[in-house]
Amino acid sequence: MINISDQAASRIKELLDAEETPDLFLRLGVRPGGCSGFSYAMGFDDEEKSGDRVLTVSGLKVVVEEDSMRYLDGVEIDFKSEGMSGGFTIDNPNAAASCGCGSSFRMKDEEGVVEKCDD
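Rules and cut-offs
Residues numbered from 1 in each chain as written. Predicted model: local features only at pLDDT ≥ 70, side-chain atom pairs only at ≥ 80, totals over all residues. Heavy atoms only, no water. Helix = DSSP H or I, 4+ residues; strand = E, 2+ residues; numbered from the N terminus. Buried < 20%, exposed > 50% of the residue type's maximum accessible area, 1.4 Å probe, protein only. Polar contact = N/O pair within 3.5 Å; in protein donor to acceptor, adjacent residues only side chain to side chain. Contact = heavy atoms within 4.5 Å. Core = buried A, V, L, I, M, F, W, Y, C linked by side-chain atoms within 4.5 Å. Phe/Tyr/Trp six-rings, centres within 6.5 Å; stacked < 30°, edge-to-face > 60°. Salt bridge = Lys/Arg side-chain N within 4 Å of Asp/Glu carboxyl O. Pairing = 2+ DSSP bridges. Axes fitted to C-alpha atoms, helices over the stretch in contact; angles between N-to-C directions. Expected span 1.5 Å × (residues − 1). Arc of directions from axis to C-beta.

## Comments concerning the side chain of Asp 52
Structurally, Asp 52 can be placed in strand S4 (residues 52-57). Note on Asp 52: relative accessible area 16%, which makes it buried. Within the structure, Asp 52 has its side chain in polar contact with the side chain of Arg 27 (distance 2.8 Å). From its side chain, Asp 52 meets the backbone nitrogen of Lys 49 in a polar contact 2.6 Å long.

Written out as structure tokens, the structure reads:
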């Protein structure tokens, strides 16, 4: 299950509305890399691929690659606005550690062993 706060959903809807491409949706994924081992991928797409899981979260169509689901189960996406800046935050209860900027993480497997990325 992926959770998106009301603030994040509102901001994502604003960004989707500003695009001129019909049928856009939010695509989430995980890639090897980043200072902690894995990095989050979050962006808009209009094409589903074989193996994608399609979810409806907070009124949004969210598509996740099947391979990324185990890394994103339980993730909470929020949007923080502070003064002149702001951005999306991702809280991953499955992460063993994350970098200071919050864009990459390491994850424990079912036995509690920290997984290493395979790049």
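## Digging into the environment of Asn 3
Within the secondary structure, Asn 3 sits in strand S1 (residues 3-4). Classification of Asn 3 by relative accessible area gives partly exposed; the value is 32%. Residues Asn 3 and Glu 76 lie 73 residues apart in sequence; the distance between their C-alpha atoms is 4.7 Å. Every residue in contact with Asn 3, bar those within four places of it in the chain, is listed here: Val 57, Gly 74, Val 75, Glu 76 and Ile 77.

## So, the nonpolar core
Formed by 22 residues in total, the largest nonpolar core has its most connected members in Ile 4, Leu 28, Val 62 and Leu 72. Among the elements that make up this core, the one with the highest residue count is helix H1 (residues 6-18) (4 residues). When residues no more than four places from it in sequence are discounted, the contact partners of Ile 4 are Ala 9, Ile 12, Leu 26, Val 57, Ser 58, Leu 60, Val 62 and Ile 77.

## Side note on the packing of aromatic side chains
Enumeration over the complete set of coordinates arrives at 1 aromatic pair. Taking the centre distance of 5.0 Å and the plane angle of 65° together, the rings of Phe 79 and Phe 88 count as edge-to-face. Owing to a relative accessible area of 30%, Phe 88 belongs among the partly exposed residues under this scheme.

## A short note on the pattern of salt bridges
For the structure on display, the rule yields 7 salt bridges. With a closest N to O distance of 2.6 Å, Glu 48 and Lys 61 form a salt bridge. Pair noted here: Glu 48 is in the loop between strand S3 (38-45) and S4 and Lys 61 is in strand S5 (residues 60-65), with a separation of 13 residues, a long-range link. For Glu 48, a relative accessible area of 43% translates into the label partly exposed. Here Lys 80 ties to Asp 78 by a salt bridge, and the two come within 3.1 Å at their closest N and O atoms. A single salt-bridge network, built from bridges that share partners, covers Arg 27, Asp 45 and Asp 52.

## Quick word on the sheet that holds S1
A sheet is described by the order of its strands in space; here 3 strands give the open sequence S1-S6-S7, paired in mixed fashion. Strand pairing shows two members of the sheet lacking a second neighbour, S1 and strand S7 (85-91), which therefore form its edges. In the packing of H1 onto the sheet, the strands contacted are S1, strand S6 (76-82) and S7, and the crossing angle to S6 comes to about 80°.

## Description of H1
For H1, with 13 residues, the first-to-last C-alpha span of 18 Å sits near the 18 Å given by 1.5 Å per residue. Turning to H1, its buried residues are Ala 8, Ala 9, Ile 12 and Leu 16. Burial along H1 is one-sided: seen end-on, the buried residues are contained in an arc of 95°. Opposite the packed face of H1, turned more than 90 degrees from it, sit the exposed residues Asp 6, Asp 17 and Ala 18.

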